[in-house]
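Below are the chains, spelled out letter by letter.
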Amino acid sequence: MSAATDVAPAKVNLCLFLGPARAADGRHELVSVMQAVTLADALTLTPAGAGAADSIACPGVNGDNLALAAVRAFRARTGWAGPPVHLEVVKRIPVAAGMAGGSADAGAALRLVAAQAGIADDGLLREIAATLGADVPAQVRPGRVLATGAGEHVEMLAPPPPYGVLVVPSSERLATPDVFREADRLGLPREPAALAAALAEVRAHAADLPDALIVNELEPAARSLCPSIDATLARVRDAGADHALVAGSGPTVIGLFAEPAQAERAARELPSGAVAARPWGTA
Ligand code: ATP
């Protein structure tokens, strides 16, 4: 086994339509077009000494790490008994910020160990990913995806034309389950029929969403728990974004610009911490 590296791109939800919690597992149904972007963590896998346990170093993240959980879940599901591995993560995606950084790292870890094991089966990796979290299957292959169910049903879409994404992290953090709970308290989830109607609309326009479909229905819940989001949304609009919206469950705010250069200029002009990105895989 030799060392290998991979990147773990963050995602932005270009739309997120929210349905009710499922009776089976309590996860909320949703319809979302997720776009991987060039803001990314980097993972390196190296062989660990014989007899060592699988391990991870991930400065900036304390406690159990989803990327290490991914390695363990891969071994358990496939029976792969290759040598122990050590993962090193360079964290650039803001943590607990609604950009699925943990899920992205888990997706990259699955790709890295699958390559070591000689297994090339995205369907299998997505099944393993679904046991780790609702956002993880969409991260098995970075790109543009339509996610349904609670996020575990993933359809790859064609890459979009280039555009600019401005990412404005917050100094606050939001735990995703808290945001879904707040959405329930506010009565935000759609009835199943209304979610199905949203899916039909999104499916018809997924390659290039019209303005009316660029909506995050979790946004009012994130703003309710983290009122400072409102000022950031206003700042991003003032910077000329065509759309300003909360990233996933927040509290990061993203701006969408027709041209990458516009997002780069806005990132320079906004207070520190704002970064410009582009859709993953576009020029
Ligand atoms: P999502 O959008 O997937 O719901 P998020 O983007 O809001 O999640 P993450 O950065 O993925 O949030 O982290 C959520 C929690 O997961 C954090 O509390 C963090 O401690 C934990 N975590 C575990 N592994 C990782 C990892 N590799 N990177 C970031 N966070 C991780």
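Counting from 1, residues in each chain are numbered in the order their sequence is written. Local features in this predicted model are restricted to residues whose pLDDT is 70 or higher, and side-chain atom pairs enter the listing and the counts only when it is 80 or higher, whereas totals over whole chains, interfaces and linings include all residues. Derived side-chain values reflect all non-hydrogen atoms in the structure, with water molecules and hydrogen atoms excluded from consideration.

**Q** Hey, could you run me through the domain arrangement of the chain in this one?
**A** A common measure of how large an interface is: the accessible area buried when the components associate. Those domain boundaries reflect an automatic or database domain assignment. Domain annotation for the chain reports domain 1 (4–157) and domain 2 (164–277). Computed from C-alpha atoms alone, the centre-to-centre distance between domain 1 and domain 2 is 22 Å. Note on definitions: buried area is the accessible-area loss of two parts on being combined, 1.4 Å probe, summed for both. Three residues, L16, F17 and L18, lead the burial of domain 1 against domain 2; their summed loss comes to 25% of the area buried on that side. Between Lys or Arg on one side and Asp or Glu on the other, a salt bridge is scored when a side-chain nitrogen of the former is within 4 Å of a carboxyl oxygen of the latter. Across the contact surface, domain 1 and domain 2 share one salt bridge. As a salt-bridge pair, R203 and E155 come within 2.8 Å of each other at their nearest N and O atoms.

**Q** Would you mind showing me how to read the sheet that holds strand β7 (residues 164–168) here?
**A** Within a sheet, adjacent strands bond to each other through the backbone by hydrogen bonds, running parallel or antiparallel. We treat two strands as partners when DSSP finds at least two bridges between them. Strands are runs of DSSP state E lasting at least two residues, helices are runs of H or I lasting at least four, and both sets are numbered from the N terminus onward. The sheet built from four strands is open, its strands ordered β8-β9-β7-β10 with antiparallel pairing. Of all strands in the sheet, those bounded by a partner on one side alone are β8 (243–246) and β10 (275–277). Neighbour to neighbour, the strand axes of the sheet diverge by 25° on average, direction disregarded. Pairing of β8 with strand β9 (residues 253–257), which is carried by four bridges, proceeds in the antiparallel orientation. If you follow A244 over to β9, its bridge partner there is G255. Strand contacts of helix α8 (residues 260–269): β7, β9 and β10, with the helix running at about 25° to β7, the strand carrying the most contacts. Note on definitions: angles span 0 to 180 degrees between N-to-C directions of axes, and those axes are lines fitted to C-alpha atoms, for helices only across the stretch in contact. The contact rule is simple, with two residues in contact once any of their heavy atoms fall within 4.5 Å.

**Q** Would you mind going over the nonpolar core with me for this structure?
**A** Where a protein is soluble and globular, its nonpolar side chains tend to be buried together. In this text, buried Ala, Val, Leu, Ile, Met, Phe, Trp, Tyr and Cys residues form a nonpolar core when linked through side-chain atoms within 4.5 Å. Whether a residue is buried, partly exposed or exposed follows from its accessible area with a 1.4 Å probe, protein chains only, as a fraction of its type maximum: under 20%, in between, or over 50%, in that order. The biggest cluster of nonpolar side chains holds 55 residues, and the ones touching the most others in it are L110, V165 and V202. Residue contributions to this core peak at eight residues, all from helix α2 (residues 101–117). Leave out the neighbours within four places in its chain, and V165 touches V12, V37, I254, G255, L256, A263, V275, A276 and A277. A244, V253, A263 and A267 belong to the second largest nonpolar core, which has 26 residues in total.

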